[in-house]
Amino acid sequence: MSIMAYNGASIVAMKGKGCVAIAADRRFGSQQLTISTDFQKVFAINDRLMYGMAGLGTDVQTLSERFRMKTNLYKLREERDIEPKTFAHLVSSTLYEKRFGPYFIEPIVAGLDKNGEPFICSADLIGCLNFAKDFCVAGTASQNLYGMCETVWREDLEPEELFEATSQALLNAVDRDCLSGWGAVVHIITADRIITRTLKGRMD
Amino acid sequence: MEALFGIVGKDFVIVASDTSSIRSIVVMKSDEDRSRNLNKHNVLLYTGEPGDSVQFVEYIQRNAELYSIRNDVGLSTLGCASFTRRALADALRSRNSYQTNLLIGGYDPKDGPRLYWIDYLSSSLSVPFACQGYAGYFCYSTMDRYYHKDMSKEEAMALVKKCIAELKTRFVANLPNWQVKIIDQNGIEQILVSAADV
């Protein structure tokens, strides 16, 4: 079995009107055995920028610690919050540093820049960035997610509509994947705040 | 063939490990202690590659002791788990990685009882109940069925015995003796349970 599919994960991010959504499933397994149903895969950097990582659990945890360190140092040195595009490039360099012994994760970055413009971006395990204009997907149910997102996404979705679209895309995609699921966490990043909701889907 | 499990109760954690040391078809030892006390309120249980496990776990134990000496207070359970995860993760992509699966159970006066499941790849999870090894394939279902939040010591002990009984019925290896530790605010209490009694 692929090392990227060992623990199982699915992440999706979508652009809306003045907002972005990023959502992930909650399962952590050891191949077919489910160990935990509340594993965190999406992390916040500040109240306008979040990122998620799909792939090997240990690398998700190691990198979340490394990115926390790098962004904290950035904030101390620059005396301002990191912009989403800058953070995406930071993710890319961090991953490419390990080009010949990579971290087994696929990150997705989602946030609002300093002008309130929505930004989403995904990368592969060695840091090749993809600046999407509509949605980004990653994980064991990525192919299912591509199909679902293509169906439910429209341009300029309001926050509540975006929440509904993202939730439906993720829940239905993971229902066809045995390695991801067991609930979902959806974050909507708007100009004033981040709205976080936990969904109970098919718990299998 | 080794089995570990842990269950978080109301204000205690109960952890159990089998005491048989088996290599291929031979039972080498039946009173193996697969745990180490990190400090007054934290226990680390391990399975995996024999040499790796002991080397790594004793390293963690000694560092936990050093922390206590330097700071005059024991490491919290989260502290133990974080330190262990970091040490295992750093070793993972180096010349010597450790093939060790762990459970860390402890009682923290501030956070209460906690149980951490850490696999050999160094993924760390805080869980209400957990198994390491083949035991998971048999005992997770039993725990899913009978576990509830804030179990009493009697209920948790009964659940541990149900799990041991499940392994006795369905697991190919004979695991006759178990070492059970209960960690609460008073410290660590050790009980030996025989599979014949469950």
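Here we summarise the structure given alongside this text. (Residues numbered from 1 in each chain as written. Chains lettered and ligands numbered in written order. Predicted model: local features only at pLDDT ≥ 70, side-chain atom pairs only at ≥ 80, totals over all residues. Heavy atoms only, no water.)

Here we come to the overall build of chain B. Of regular secondary structure, chain B possesses four helices and 12 strands. Relative to a compact globule of 198 residues, whose C-alpha radius of gyration would be 16 Å, chain B shows 16 Å and is just as compact. Each principal axis of the C-alpha distribution contributes one length, and for chain B these read about 45 × 40 × 25 Å. With 198 residues in all, chain B has 52% of them scored as buried. Restricting to contacts in chain B with at least 6 residues of sequence separation, those with at least 24 account for 60%. Between the centroid of the 22 positive side chains of chain B and the centroid of its 23 negative side chains there is a distance of 3 Å. (Helix = DSSP H or I, 4+ residues; strand = E, 2+ residues; numbered from the N terminus. Rg over C-alpha atoms; globule rule 2.2 N^0.38 Å. Buried < 20%, exposed > 50% of the residue type's maximum accessible area, 1.4 Å probe, protein only. Contact = heavy atoms within 4.5 Å. Lys, Arg positive; Asp, Glu negative; His and termini not counted. Charge placed at Lys NZ, Arg CZ, Asp CG, Glu CD.)

Below, the discussion takes up the sheet that holds strand β8 (residues 118–123) of chain A. Residues and elements named next belong to chain A. Reading across from one edge, β5-β6-β7-β8-β9 is the order of the five strands in this open sheet, with antiparallel pairing throughout. For this open sheet the edge positions go to β5 (42–46) and β9 (129–130), each flanked by a neighbour on one side alone. When β8 meets β9, the two strands line up antiparallel, connected through two bridges. Across the sheet, Ser 122 pairs through a bridge with Asn 130, a residue of β9. Contacts from helix α1 (residues 57–78) reach β5, β6 (49–55) and β7 (105–112), with the element oriented near 155° to β6. (Pairing = 2+ DSSP bridges. Axes fitted to C-alpha atoms, helices over the stretch in contact; angles between N-to-C directions.)

Our focus in this paragraph is the packing of α1 of chain A against helix α2 (residues 84–96) of chain A. Residue and element names in this part refer to chain A. Interhelical geometry of α1 versus α2 gives an angle of 130° and a closest axis separation of 11 Å. Relative to α2, the element α1 lies oblique. Here α1 and α2 pass one another in a crossing that is right-handed. Within the contact between the two elements, α1 uses Leu 63, Arg 66, Phe 67, Lys 70, Thr 71 and Tyr 74 and α2 uses Thr 86, Phe 87, Leu 90, Val 91, Thr 94 and Leu 95. For the contact of α1 with α2, a count of residues per class yields seven nonpolar, three polar and two charged. (Parallel < 35°, antiparallel > 145°, perpendicular 65-115°, else oblique. Left-handed = near helix turned anticlockwise from the far one by under 90°. Nonpolar A, V, L, I, M, F, W, Y, C, P; charged D, E, K, R; others polar.)

Under the counting rule described, the total for this entry stands at 15 aromatic pairs over all chains. Here the aromatic cluster, defined as three or more aromatic residues joined through ring pairs, consists of Phe 43, Tyr 51, Phe 67 and Phe 87 of chain A. Between the NZ or CZ atom of Arg 197 of chain A and the centre of the ring of Phe 163 of chain A, over which it lies, the distance is 4.4 Å. Over the ring of Tyr 146 of chain B we find Arg 145 of chain B; its NZ or CZ atom is 4.8 Å from the centre of that ring. (Phe/Tyr/Trp six-rings, centres within 6.5 Å; stacked < 30°, edge-to-face > 60°. Lys NZ or Arg CZ within 6 Å of the ring centre and 35° of its normal.)

The subject of this paragraph is the sheet that holds strand β11 (residues 184–189) of chain A. All names here are of chain A. Spatially, five strands are ordered β10-β1-β2-β11-β12 in an open sheet, and the strand pairing comes out antiparallel. Here the strands that pair on one side only, and so sit at the sheet edges, are β10 (135–139) and β12 (194–199). Each neighbouring strand pair of the sheet contributes to a mean axis angle of 10°, computed without reference to strand direction. Sitting on the sheet, helix α3 (residues 142–152) is in contact with β1 (10–15) and β10, with an inclination near 160° to β10. Sheet strands touched by helix α4 (residues 159–174): β1, β2 (20–25), β11 and β12. Its angle to β1, the strand with the most contacts, is close to 155°.

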